[in-house]
Amino acid sequence: MLVVQKYGGTSVGDVERIRNVARRAILARKEGHDVVVVVSAMAGETNRLLKLTSDVSKRPSQREQDVVVSTGEQVTVGLLALAIQEMKGKSRSFLGHQVRILTDSAFANARIRSIDDAKLRESLKKHEIAVVAGFQGIDEHGNITTLGRGGSDTTAVALAAALKADACEIYTDVDGVYTTDPRICDKARKLDRVSYEEMLELASLGSKVLQIRSVEFAMKYKVPLWVKSSFTEDPGTLVTEEDKAMEEVIVSGIALTRDESRFVVRGVPDKPGIAAKVFGALAERGIVVDVIVQTPAHEDGRTDMAFTVGRLDMEKTNELVRKIGKQIGAGKVEHEEGIAKVSIVGVGMRNHAGVAARMFQVLADEGVNIRVISTSEIKISCIIDEKYSELAVRALHTAFGLDKGDVEKS
Ligand code: ASP
Ligand code: MG
């Protein structure tokens, strides 16, 4: 069996922990597996490096920033290979460019284009534990690139896909994927299995266990993905293809995104090209818009447009939307902070009726007002006041049978 193991920042946070990772990798090797280990930088290191670049330059060139921030992983691969060798294991470290993890040239957020697996195969053939730097690659011009925050997950899954690994194990400081954030709901339960699609929704809705791109990669190449703790022996959560048992469960998880702000543009002319103009302008400034709702046109031929953005983008958005509102002859622009989004996610929703109605009733029973609703095939999201968000999560968790101790169907 060939396994790719990935250890995050806390798992390699100090020398003792690096030794712990070395022991785990050696154990897998002793069980007869070919082992590739991907590591992140030590906890806090990437932030420290980013700060250094911004201390030197207000607007650092992204090329040079990547040269700096990619060094965190260079340290941990070297240390881990050394730790393994100290324990009489065979090991060799590889940087992104040495494996040839080829990416596009989008510094700080590059996408992997291809991986040349020859060097790693050679190393595995010599029974070495190959230790690969996460988060980094090289573009076609030889520049060092990085894959975006949390990008080591994607390195691991991409390597697993390229090597046709039997499993990709993501070791982190939690022991798996939970039905909801256990810090909010003490009845949250660890999932044994979750489908790629559900995981994608949960990841994009703010449960930060996996980088979203890594899940997309795993889904595309059908890589069996485990989320496990590097500090316990718990089997963790398997992210895998959907099956019948998963479809029987209506809701698998509840996600919460806080710190949103909501904009409403009143009296927008109901004409082709208007939405494109408003959201095109936001996209150009790199603002990620979340839920968008447009009302049907009123009798005066005008509509209202509501949407949410993260709080960090609020100022920029406000300025821009007011400007464009004037250009297109819209009415007033309103905005408010302190908004949150709760979402229920589950592949079982596709063939069960009345799920949305149940969600709305649960929120109504708690006296929570729903401001905006949006749905997809396997998700229903409600925008509510942030102050009710934890209450809403807990009530929905109980109502949809997710509490610890409730019977688990999948
Ligand atoms: N070290 C990088 C980060 O902190 C990549 C990773 O940890 O996955 O974002
Ligand atoms: Mg991570």
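Residues numbered from 1 in each chain as written. Chains lettered and ligands numbered in written order. Predicted model: local features only at pLDDT ≥ 70, side-chain atom pairs only at ≥ 80, totals over all residues. Heavy atoms only, no water.

**Focus: the overall build of the protein chain**
At step 1: Check the secondary structure of the protein chain and you find 14 helices and 18 strands.
At step 2: If you line up the protein chain on its principal axes, its C-alpha atoms span 75 × 55 × 30 Å.
At step 3: A separation of at least 24 residues holds for 75% of the contacts in the protein chain among residues at least 6 apart in sequence.
At step 4: Averaging the coordinates of the 57 positive side-chain charges in the protein chain and doing the same for the 59 negative ones gives two points 4 Å apart. (Helix = DSSP H or I, 4+ residues; strand = E, 2+ residues; numbered from the N terminus. Contact = heavy atoms within 4.5 Å. Lys, Arg positive; Asp, Glu negative; His and termini not counted. Charge placed at Lys NZ, Arg CZ, Asp CG, Glu CD.)

**A closer look at the site of ligand 1**
At step 1: For ligand 1, the full set of nearby residues is Ser40, Ala41, Thr46, Glu73, Phe135, Arg149, Gly150, Gly151 and Ser152.
At step 2: Take Ser40: an N or O atom from its side chain is 3.1 Å from an oxygen atom of ligand 1.
At step 3: At 2.8 Å, a side-chain N or O of Thr46 approaches a nitrogen atom of ligand 1.
At step 4: Tallied by class, residues from the shell around ligand 1 come to 2 nonpolar, 5 polar and 2 charged. (Near = heavy atom within 4 Å. Polar contact = N/O pair within 3.5 Å; in protein donor to acceptor, adjacent residues only side chain to side chain. Nonpolar A, V, L, I, M, F, W, Y, C, P; charged D, E, K, R; others polar.)

**Some points on the sheet that holds strand E6 (residues 129-133)**
Backbone hydrogen bonds hold the strands of a sheet together, and the pairing may be parallel or antiparallel.
At step 1: Spatial ordering of the open sheet is given by E3-E6-E2-E1-E9-E11-E12-E10, a layout of 8 strands whose pairing is mixed. Of all the strands in the sheet, just strand E3 (91-94) and strand E10 (193-195) have a single pairing partner and so form its edges. Neighbouring strand axes in the sheet, compared pairwise and without regard to direction, differ in orientation by 20° on average.
At step 2: Of the strand pairs in this sheet, strand E9 (residues 167-172) and strand E11 (residues 225-229) are connected by 5 bridges, and their pairing is parallel. Bridge assignment links Glu169 to a residue of E11, and that residue is Trp226. (Pairing = 2+ DSSP bridges. Axes fitted to C-alpha atoms, helices over the stretch in contact; angles between N-to-C directions.)

**Here's the deal with the packing of helix H3 (residues 62-69) against helix H4 (residues 71-86)**
At step 1: Following both chains from N to C, one finds H3 and H4 inclined at 20°, their axes separated by 5 Å at the closest point. In terms of their interaxial angle, H3 and H4 are classed as roughly parallel. In this structure, H3 contributes Val67, Val68 and Val69 to the contact, and H4 contributes Thr71, Gly72 and Glu73.
At step 2: Looking at the contact of H3 with H4, its residues break down into 3 nonpolar, 2 polar and 1 charged. (Parallel < 35°, antiparallel > 145°, perpendicular 65-115°, else oblique.)

**As for the side chain of Ser261**
At step 1: Here Ser261 is to be found in strand E13 (residues 253-269).
At step 2: Classification of Ser261 as buried rests on a relative accessible area of 0%.
At step 3: Sequence-distant contacts of Ser261, that is, excluding residues within four places in its chain, are made with Phe307, Thr308, Val309, Gly310, Arg311, Met314, Glu336, Glu337 and Ile339. (Buried < 20%, exposed > 50% of the residue type's maximum accessible area, 1.4 Å probe, protein only.)

**Some points on the sheet that holds strand E14 (residues 289-294)**
At step 1: Here 6 strands make up an open sheet; going across it, the order is E14-E15-E13-E16-E18-E17 and the pairing antiparallel. Strands at the two margins of the open sheet, each flanked by one partner only, are E14 and strand E17 (372-376). Along the sheet, successive strands turn relative to each other by an average axial angle of 30°, direction set aside.
At step 2: Across 5 bridges, E17 lies against strand E18 (residues 379-385) in antiparallel orientation. By the bridge assignment, Ser376 is partnered in E18 with Lys379.
At step 3: The strands that helix H11 (residues 274-284) touches are E13, E14 and strand E15 (302-310); relative to E15, the one it contacts most, it runs at about 20°.
At step 4: Packing of helix H13 (residues 355-365) onto the sheet brings it into contact with strand E16 (333-345), E17 and E18, and relative to E18 it is tilted by some 20°.

**With respect to the packing of H11 against helix H12 (residues 314-328)**
At step 1: Direction vectors running N to C along H11 and H12 enclose 150°, while the axes themselves pass 10 Å from each other. Considered as vectors, H11 and H12 are oriented roughly antiparallel to each other. Handedness of the crossing formed by H11 with H12: right-handed. Mapping the contact onto sequence places Ile274, Lys277, Val278, Ala281 and Leu282 in H11 and Thr317, Leu320, Val321, Ile324, Gln327 and Ile328 in H12.
At step 2: Taken together, the residues of the contact of H11 with H12 sort by class into 8 nonpolar, 2 polar and 1 charged. (Left-handed = near helix turned anticlockwise from the far one by under 90°.)

**Some details on the side chain of Asp403**
At step 1: Structurally, Asp403 can be placed in the segment after helix H14 (389-399).
At step 2: Buried charge Asp403 goes without a salt bridge, the closest partner of opposite sign being Lys187 at 4.2 Å.
At step 3: A distance of 2.5 Å separates the side chain of Asp403 from the side chain of His397, its partner in a polar contact.
At step 4: Within the local environment of Asp403, its side chain forms a polar contact with the side chain of Thr398, the two groups lying 2.8 Å apart.
At step 5: Among residues more than four places away in sequence, those in contact with Asp403 are Lys187, Arg189, His397 and Thr398. (Salt bridge = Lys/Arg side-chain N within 4 Å of Asp/Glu carboxyl O.)

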